[in-house]
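This is what each chain is made of:
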Amino acid sequence: MDPRLETIINQVRVDVLTSTQDVDNAAQLNEVSRSFVTDTITVPTKEMYEYAMRASLGDAVYNEPSTTALEEHIAKLTGKQAALFVTSGTMGNQLAIRTHLHQPPFSIVSDVRGHISVYEAGGAALHSGAHTITITPSNGHHLTLQDIEAHVVFGSDIHTAPTRLICLENTLNGTIFPQSDIVEISNFAHENGILMHLDGARLWHVAAETKTPMSELCAPFHSISLCFSKGLGAPVGTCLVGPKTFIDKARWFRKVFGGGMRQTGILAGSVAYALTHNFPKLPRVHELAKRLQQGLEERGVGILYPAETCMVFYDPSTIGLEYWEIVERAAVLPNPITLSGSRLVVHIQTSNEAVDDFLELVSTLRDEKTKAGFVLSTGKWCDEECLCEGKKSIELYPPMAGAKGLQSNEQDYRKCSSY
């Protein structure tokens, strides 16, 4: 071999595996099983990879059989004409918005907490030139027709941006959007020539919890984005579904966005495995989240959002604690637990032991605060003069109550809500 070429080959060569990769992977899986930060951290299993490695070897820009089979299955499952496999939920949402909207000026309507509004880097404005009208649900849970009617823009006033698209999210912060309200909003949208898109990144949880077919959940919408790498545990991927002409155009925009992929068979295979083997695990996830909530309530911890599916939002100030105290103590346990603010996310690889250990830690910290002078019955600290006899107290951590409590935790709540 030419020495010059050999030098270049040696420069190019790389090994990304550590000398202890198998041990490292086992440690990573343990860490994932004890993390309540998000469900995107779930890792592929050996069985998933073994199945995925048997998938076809085509080029998805031209023809990739396994990916095409997946797209056709998702279209049929959701009752839509066609589907498009894309890299992420954000890409699915942004492709939908760009494909739906044609000539500005126009606006879209979204929940103020929604992923499209908060966690997609202003993509609706950047890619589509759309003004986003964000709405706070009046009931504190989900948008209603009354909320949307009050903010939708109609008419031809040159000072406005008429509403062309309503974007809903289900689940949002782990809460289930009632189908009856979705249908009511959809009827209003259709009557007024407004399109409907659903960020259904975790719609799988709704289907599992309410036992409602995916086609029924998707029926009110013109387009839906469905993620595979969150609750279902696939390593990569989302499908955007809708009418065939819509998906044909979205495929074009996917290319413009730089999202055209090549040998995606192994990814499609991973998704197929997740749909078949991981979707049935979601009821266990929901039960574990509800057990987590119950355990917190039994220890006097406030609940900001209850466990309707896979998430619990909690307020530890009711037992004299701040989030950072829990996060730091959890991180130094003999078998550490990873936390981040008010949101606790349970996923298919969360262990029962992680829930038990977290609740035990909360009990320990609560008892420490009680010994230090925090009075659980009043939610107040005794000062040095009262000696815990109730003569005088200082209110440092007022108990959370309804929307007022939610607002007091708004910064942390916003930070952790939608990943």
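Residues numbered from 1 in each chain as written. Predicted model: local features only at pLDDT ≥ 70, side-chain atom pairs only at ≥ 80, totals over all residues. Heavy atoms only, no water.

A. Up close: the overall build of the protein chain. Each helix and strand in the protein chain was counted, giving 18 helices and 13 strands. Based on the C-alpha atoms only, the size of the protein chain along its principal axes is roughly 75 × 70 × 45 Å. When each of the 419 residues of the protein chain is scored for burial, the buried share is 52%. For the protein chain, contacts bridging at least 24 residues in sequence account for 72% of all contacts bridging at least 6. (Helix = DSSP H or I, 4+ residues; strand = E, 2+ residues; numbered from the N terminus. Buried < 20%, exposed > 50% of the residue type's maximum accessible area, 1.4 Å probe, protein only. Contact = heavy atoms within 4.5 Å.)

B. Main features of the packing of aromatic side chains. For the structure shown, the criterion picks out nine aromatic pairs. With a centroid separation of 6.3 Å and an interplanar angle of 50 degrees, the aromatic rings of Tyr51 and Tyr273 are classed as tilted. Residue Tyr51 is found in helix 3 (residues 46–52), and its partner Tyr273 is found in helix 13 (residues 265–278); the two are separated by 222 residues along the sequence. Judged by centre distance (6.5 Å) and plane angle (20 degrees), the ring pair of Phe85 and Phe228 falls under stacked. Taken together, the positions of Phe85 in strand 1 (residues 82–86) and Phe228 in the loop between strand 6 (223–227) and strand 7 (238–242) put the pair 143 residues apart, joining distant regions of the chain. (Phe/Tyr/Trp six-rings, centres within 6.5 Å; stacked < 30°, edge-to-face > 60°.)

C. A look at the environment of Thr171. Position of Thr171 relative to the elements: it lies in the loop between strand 4 (163–169) and helix 9 (179–191). For the pair formed by Thr171 and Arg254, sequence separation is 83 residues and the distance between their alpha carbons is 25 Å. In this structure, Thr171 is in contact with Ile176, Arg202, Leu203, His205, Val206 and Thr309, ignoring residues within four places of it in sequence.

D. Representation of the pairing of strand 4 within the structure. Most of strand 4 sits inside the fold, with six of its seven residues counted as buried. Across four bridges, the pairing between strand 2 (residues 107–111) and strand 4 is parallel. By the bridge assignment, Ser110 is partnered in strand 4 with Cys167. As paired strands, strand 4 and strand 5 (residues 195–199) are joined by five bridges and run parallel to one another. Along strand 5, the bridge assignment pairs Ile166 with Met196. Once you follow strand 4 into helix 9 and on to strand 5, the crossover reads as right-handed. (Pairing = 2+ DSSP bridges. Right-handed = clockwise from strand over helix to strand, strands pointing away.)

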